[in-house]
Each structure stands twice: as structure tokens, then as C-alpha cells.
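Chain by chain, the residues run as shown.
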Amino acid sequence: MRNYQKILIGIFCLGIVLAGAGTGTAFLEFSTFTYAGEKEAGEMDRKTLTLDYAFEATAEDPLTIDRNYGRYANNNEVIESEAVPENTVRFLVTYNANAVQPHLNSYEMDDESGEYVTVGWNYINDDFKSFMTSKEDLLEGLRNREVASYHVTGIEEIRILVNPASRELIQID
């Protein structure tokens, strides 16, 4: 074997040893990090919006409240309140005004299963702005050997209120 082949094999073996040492060092450094929990990314502007939906339903053909709120879903129990007019559903939506604009969606199914209503929202958050406002917190966490999960809260809570006289006319899907 020629000398330059021996040198190349030596360099290759040295590269493998150094790569293994680098991987071990990186793993050792990473294993010292701790989880700091969840943190809010960006600015939070918490507001509560009242959305009323008037309906005409019967006990045989009730109004269906569709729960497609994703991770923002709460137990969605219907709360009876005398302050709500009869044949009206009131949604109290607590949300981040910097991230979403809530609104009501109503529709009827083609199979004549009745009327549906749900709370929808338009996502208006600027993700880059949220990242830039959280950047300093992220870097400070890395300096302190902490890693956190960052999220932007959109819909925080949805409460459903109805008049006790209209309670039988509503079902949750």
C-alpha cells in the first residue's frame, strides 16, 4: 500500500473518531436542558365578545350547536340564564384580539337534519411578529439551559347561554 493511501485511511478513521466525539458532546450538552413549560408568543389582548343567534326550532327539529373549536374546545355545557331572550343562543367568546376575529356560522344540512350554528374565527395574527417579540425570551431560555413551547392563544373559552324556556330546543353535536 502506498503512503498516501495510508494517510487517507488515517484521516478517514480520525474523522470517524472526531464525529463520534462531537456527537457525544452534543448529546451531553442537550441532555442538560430542562423543559420550561408553555409560554405565550406575542402580545395577548384578551377580550370577551357576546354573539347572539336567534333561531326558530321545535322539539322535533332542534337547533344543533356544532363544536368544531379544535384545541380551544371546553366542556360546552349549555348554561341556562334568564338574561338571554327566548329562542336565542348567546355565545360568550373569550379570545385574543391580536390573533383572531370570532364570528358565527350558521348552516342547514341537505338531509333536512335541521339548523346548525357554530363559532368560527378568522386568524389575523402575524406569526413573524409573534416570533420576533418572543425571540429574546427564547434566547434567554437557551442561555439558562431551558427550552419552552411557544403558542399563540386565539380562542380561549366559549360559554354557551340559553333561556331556560328554550333549553329543550338545543342540542350539542
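In the block above lies the structure referred to throughout.
This text gives an overview of the structure that appears in the document.

Reading guide: rules and limits
- Chains are numbered independently. Their residues run from 1 in the order of the written sequence.
- Only residues with pLDDT of at least 70 are given local features in this predicted model, and only at 80 or more are side-chain atom pairs given and counted; all residues enter the totals for whole chains, interfaces and linings.
- Side-chain numbers come from the whole structure's heavy atoms, not from hydrogens or water.
- Patches were defined on residues exceeding 30% relative accessible area and lacking a salt bridge, with like-charge contacts within 9 Å and nonpolar side-chain contacts (Val, Leu, Ile, Met, Phe, Trp, Tyr) within 5 Å.
- Only the protein chains shown count as cover for residues, and the accessible areas themselves come from Shrake-Rupley with a 1.4 Å probe.
- Note on definitions: salt bridges are taken to be side-chain nitrogens of Lys or Arg within 4 Å of carboxyl oxygens of Asp or Glu.
- Secondary structure is summarised from DSSP: a helix means a run of H or I of at least four residues, a strand means a run of E of at least two, and numbering begins at the N terminus for each.
- Here, a strand pair is defined by DSSP locating no fewer than two bridges between the strands.
- A fitted line through C-alpha atoms represents every axis, and for helices the fit uses only the stretch in contact; the resulting angles, taken between N-to-C directions, go from 0 to 180 degrees.
- Each residue is placed in one exposure class: buried if its accessible area under a 1.4 Å probe, protein chains only, is under 20% of its type's maximum, exposed if it is over 50%, and partly exposed if it falls in between.
- Any two residues having at least one pair of non-hydrogen atoms within 4.5 Å are treated as being in contact.

### Quick notes on a nonpolar patch on the surface
Next, step 1: On the surface, a nonpolar cluster with roughly 600 Å² of combined accessible area is contributed by Phe-128, Phe-131, Met-132, Leu-138, Leu-139, Leu-142 and Val-147.
Next, step 2: Ranked by the residues each element gives to the nonpolar patch, the list is headed by helix α2 (residues 127–143), at 6 residues.
Next, step 3: Checked against the element boundaries, Phe-131 lands in helix α2.

### Quick word on the sheet that holds strand β9 (residues 155–162)
Next, step 1: Overall, mixed pairing links the 4 strands, which are arranged β2-β5-β9-β4 in an open sheet. In this open sheet, the two edge strands, each paired with only one partner strand, are β2 (46–54) and β4 (78–80). On average, each strand axis in the sheet is inclined to that of its neighbour by 25 degrees, with strand direction left out of account.
Next, step 2: Sheet analysis places strand β5 (residues 88–96) next to β9, joined by 7 bridges and oriented antiparallel. Among the inter-strand pairings, Phe-91 is bridged to a residue of β9, identified as Ile-160.

### Observations regarding the pattern of salt bridges
Next, step 1: Inspection of the entire model under this criterion finds 7 salt bridges.
Next, step 2: The salt bridge partner of Arg-145 is Glu-29, with a shortest N-O separation of 2.3 Å. In this pair, Arg-145 is assigned in the loop between α2 and β8 (146–151) and Glu-29 in helix α1 (residues 3–31), connecting sequence segments 116 residues apart.
Next, step 3: The partly exposed category is assigned to Glu-29, whose relative accessible area is 40%.
Next, step 4: Between Arg-46 and Glu-156 there is a salt bridge; the shortest N-O distance is 3.0 Å. Of this pair, Arg-46 sits in strand β2 while Glu-156 sits in strand β9; the two residues are 110 residues apart in sequence, bridging distant segments of the chain.
Next, step 5: The class of Glu-156 is partly exposed, set by a relative accessible area of 35%.

### Examining the environment of Glu-43
Next, step 1: By secondary structure assignment, the location of Glu-43 is in the loop between β1 (34–40) and β2.
Next, step 2: C-alpha separation for the pair Glu-43 and Leu-14, spaced 29 residues apart in sequence, amounts to 50 Å.
Next, step 3: Excluding its chain neighbours within four sequence positions, the residues that come into contact with Glu-43 are Asn-96 and Asn-98.

On their own, these measurements won't tell you what the molecule is for.
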